[in-house]
Amino acid sequence: MTLFFGFFARLKEFLWNQRACSRSAPSQRGVSLVELMVSTTILGLVTAASVSTFRHYSRTSESLELANLVSGLKRSMEADLRNPRNLSASLGAAGNGGFAQCFGRIAGAVCNQTLADTYYPFVLVSPPSVTLSGGTGVLSGQAQTAARRVLTAEGQTCPAAQVAAADPRCEVEVTTAFRAVCPAAVAGAVPAATCSAPQSVELFYVIRQLNTGRSFVRNMRFPITSNMVDQNGQAKNRVDAIRVVVSEFSRPTVFTCPTGLAFQGFDVGGNPLCGRVDNPCAAAGMQGWMFVSMNPDGTPNCRKPLQGESCPNGPGGAPLTLRGVLPNGTLDCVAPRVVNQGCPNGQVLVRFDGAGNPVCNVSHVGTGCPVNTYLVGYNGAGAPNCATMLTPSSPPFEVAGPQCGHNMAGCAYGSGNKPPGYSPGCPAGSIKIGEYYRGPRCCATCGWVGQWWCDDIVAQCSYATNARWN
């Protein structure tokens, strides 16, 4: 540019001298052809230089804008990946099945996303559901999940429709990956290849320029910014990974339940589950029923109070003793022996045999239930009988039972005469969360037992997920 302006100054001086000479000759008037040609040439050179300069500064401005965006994304991703709240919220995000399998505390789940030379897609979200990255498992950083985060050079998030259409304004994509780290059998040894409870997670991010963006098309290329791959697209060492201890995000450290609700466990995302503290039977539509306990499937175990029923006589005329009420509302009557009903020390009562004698087995002391299971009794060997607790995960729907009209001719029918499958069941994959009656009660004169089974009963069902209990 300095040479250009120096040449321009000398040319201007030459033209001034030529103009002065022409004025000294009175016979010459107007502009000479030489002056016109020189002026046109100068004007062309100035115009070309101006356009070139404008293009240069324009490209420099665009490059700086994109560089600032990438730099800001790098800082925010390194902070967001270290935020336990984001990792906890990501446990339930779509596309994070492998991440939830390793860190969601799902009963029986085994984590095998642990290979040191492999990356596993991970979608990072912030509460409640803001997508901070797509998931990738390849060195290119290309998104392998439906969830994506693509931005313009100005830092605005591109809508899904623009991303799908490869809008040239959508220039920069952010993706993340993870790798689980299992505990080692011995301190200092190599971590195990698979485990049910990883100790920590390695997190990676990739910020890459899309080849459909306007900057890329104009040959303004930027290297990948990542802690997973270097500028040449080669995998970095594990020391560059962001490592977070699982206990920091698998469950919240502080939580409260709303007024009137009590803590009941954790869901698959590590969020606290809160439930009613009043009679859950009434809340499920069974007015007047007593809440006894929670069933292994997470439904309330409700029983209607007895109204004068008694156990019949057993074989030989000996009266049977009421041991309880079965889940179907019938009496549980046995003929227990009066003597030797206790179990020796170190043994537990498993059941009564047909003669009423207690059946005892050695209790396996110290063998509790596995994580996320619930003690419901002991098996025939005296070992704990553990079951997975479920919690509703969908709006309830109804399954109707038989209509009224069974054995309505008289009242000489007991609960044993109820038709098979009278109480409606829920389909596979769902649990029963309550029952209620729809009138009319067509056996109202038959006493409680007849009235119960002759009513039109409806089950309330909901598809379920595993509850977190310990």
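Residues numbered from 1 in each chain as written. Predicted model: local features only at pLDDT ≥ 70, side-chain atom pairs only at ≥ 80, totals over all residues. Heavy atoms only, no water.

Student: Looking at this model, I keep getting lost on the environment of Ala94. Mind explaining?
Tutor: By secondary structure assignment, the location of Ala94 is in the loop between helix H3 (84-90) and helix H4 (97-103). With a relative accessible area of 66%, Ala94 lands in the exposed category. (Helix = DSSP H or I, 4+ residues; strand = E, 2+ residues; numbered from the N terminus. Buried < 20%, exposed > 50% of the residue type's maximum accessible area, 1.4 Å probe, protein only.)

Student: In this structure, what is going on with empty space enclosed by the protein? I would like to understand it.
Tutor: Here the idea is plain: a probe the size of a water molecule rolls over the atoms and shows the empty space left. If you walk through the whole model with that rule in mind, you get six cavities of 30 Å³ or more. Computed from the structure, the largest cavity encloses a volume of approximately 50 Å³. In terms of lining residues, the largest cavity is bounded by Leu66, Val70, Val172, Ile207, Arg208, Gln209, Phe222 and Pro223. The greatest single-element share of the lining of the largest cavity, amounting to three residues, is contributed by strand E7 (residues 200-209). (1 Å grid on protein atoms, 1.4 Å probe; cavity = no way out; pocket = protein on both sides within 12 Å on 5 of 7 lines; lining within 4 Å. Points joined across faces, edges and corners; volume = space filled by probe spheres on them.)

Student: Honestly, the nonpolar core in this entry has me stumped. Any pointers?
Tutor: Within the largest apolar cluster, 30 residues are counted, with the highest numbers of intra-cluster contacts made by Phe103, Phe178 and Leu203. For this core, the elements supplying multiple residues, two or more each, are helix H2 (33-80), H4, strand E6 (172-181), E7 and strand E9 (242-245). In contact with Leu203, not counting residues within four places along its chain, are Leu81, Leu87, Phe122, Ala177, Phe178, Asn227, Ala241, Ile242 and Val244. The next biggest cluster of nonpolar side chains, apart from the first, holds seven residues, and it includes Tyr119, Ala177, Val229 and Ala241. (Core = buried A, V, L, I, M, F, W, Y, C linked by side-chain atoms within 4.5 Å. Contact = heavy atoms within 4.5 Å.)

Student: What exactly am I supposed to notice about unusual backbone geometry here?
Tutor: Most of the time, phi is negative for any residue but glycine, and the peptide bond is trans. With a phi close to 55°, Ala166 is a non-glycine residue in the positive phi region. For Ala166, the position within the fold is in the loop between helix H5 (160-164) and E6. Relative accessible area serves as the criterion here: at 36%, Ala166 is assigned to the partly exposed category. Its identity is not glycine, yet Asn219 carries a phi of approximately 70°, on the positive side. Among the secondary structure elements, Asn219 is positioned in the loop between helix H6 (214-217) and strand E8 (225-226). Assessed through its relative accessible area of 52%, Asn219 is described here as exposed.

Student: Any chance you could explain the pattern of salt bridges here in plain terms?
Tutor: When the charged atoms of two side chains with opposite charge come close together, those side chains can pair. As enumerated under the stated definition, the model contains nine salt bridges in all. Three or more residues joined by partner-sharing salt bridges are found here, namely Arg179, Glu202, Arg238 and Arg243. (Salt bridge = Lys/Arg side-chain N within 4 Å of Asp/Glu carboxyl O.)

Student: Where do I start with the state of the cysteines in this structure?
Tutor: Each disulfide is one covalent bond, formed between the sulfur atoms of two cysteines. This model, assessed by the stated rule, comprises four disulfides. Disulfide partner of Cys158: Cys170, at an S-S distance of 2.3 Å. Looking down the S-S bond of the Cys158 and Cys170 bridge, the torsion is -115°, so its handedness is left-handed. In this pair, Cys158 sits in the loop between strand E5 (149-151) and H5 while Cys170 sits in the loop between H5 and E6, placing the two residues 12 residues apart along the sequence. Per residue, the accessibility class of Cys158 equals that of Cys170, and both read buried. For Cys182, the disulfide goes to Cys195, at an S-S distance of 2.2 Å. (Disulfide = S-S within 2.5 Å.)

Student: I tried to follow the confidence of the model for the chain on my own but got confused; where do I start?
Tutor: Interpretation of this model should avoid reading the predicted coordinates in detail wherever pLDDT is low. The pLDDT averaged across the chain works out to 75; a share of 64% of its residues lies at or above 70. For the chain, the element scoring lowest by mean pLDDT is helix H8 (residues 447-454), at 44; strand E1 (residues 120-121) scores highest, at 97. Across residues 405-413, where pLDDT falls below 50, the model places 15 contacts with residues more than four positions away in sequence or in other chains. Taken together, the stretch residues 441-453 has pLDDT below 50 and engages in 35 contacts with residues farther than four places along the chain or on a different chain. (pLDDT = per-residue confidence, 0-100.)

Student: I keep staring at the side chain of Gln209 and nothing clicks. Help me out?
Tutor: Locating Gln209 in the fold gives a position in strand E7. Under the relative-accessibility criterion, Gln209 is labelled buried at 15%. A polar atom in the side chain of Gln209 sits 2.8 Å from the backbone nitrogen of Phe222. The contacts of Gln209, once residues within four sequence positions are left out, are Leu66, Glu171, Ser215, Phe216, Met220, Arg221 and Phe222. (Polar contact = N/O pair within 3.5 Å; in protein donor to acceptor, adjacent residues only side chain to side chain.)

Student: What exactly am I supposed to notice about the packing of aromatic side chains here?
Tutor: Aromatic ring pairs: the centre-centre distance and the angle between the two ring planes describe each pair. Overall, the coordinates contain 10 aromatic pairs when judged by the stated rule. Where Phe103 meets Phe178, the ring centres are 6.2 Å apart and the plane angle is 70°; that geometry is what we call edge-to-face. Of the two residues, Phe103 is situated in helix H4 and Phe178 in strand E6; the sequence distance between them amounts to 75 residues. Here Phe103 matches Phe178 in class, with each residue buried. Between the aromatic rings of Tyr120 and Phe178, the centroid separation amounts to 5.9 Å while the plane-to-plane angle is 45°, which identifies the pairing as tilted. Of the two residues, Tyr120 sits in strand E1 while Phe178 sits in strand E6, which places them 58 residues apart along the sequence. Like Tyr120, the residue Phe178 is buried in the burial classification. Aromatic ring contacts, followed pair by pair, group Phe99, Phe103, Tyr120, Phe122, Phe178 and Phe249 into a single cluster. (Phe/Tyr/Trp six-rings, centres within 6.5 Å; stacked < 30°, edge-to-face > 60°.)

Student: What is the right way to read the side chain of Glu171 from this model?
Tutor: With respect to the helices, strands and loops of the structure, Glu171 is situated in the loop between H5 and E6. Looking at Glu171, the relative accessible area reads 0%, which means it is buried. A polar contact is formed between the side chain of Glu171 and the side chain of Arg214, at a distance of 3.0 Å. Those residues within four positions of Glu171 in sequence are excluded, and the remaining contacts are Leu66, Val150, Leu151, Thr152, Ala153, Arg208, Gln209, Leu210, Gly213, Arg214, Ser215 and Phe216.

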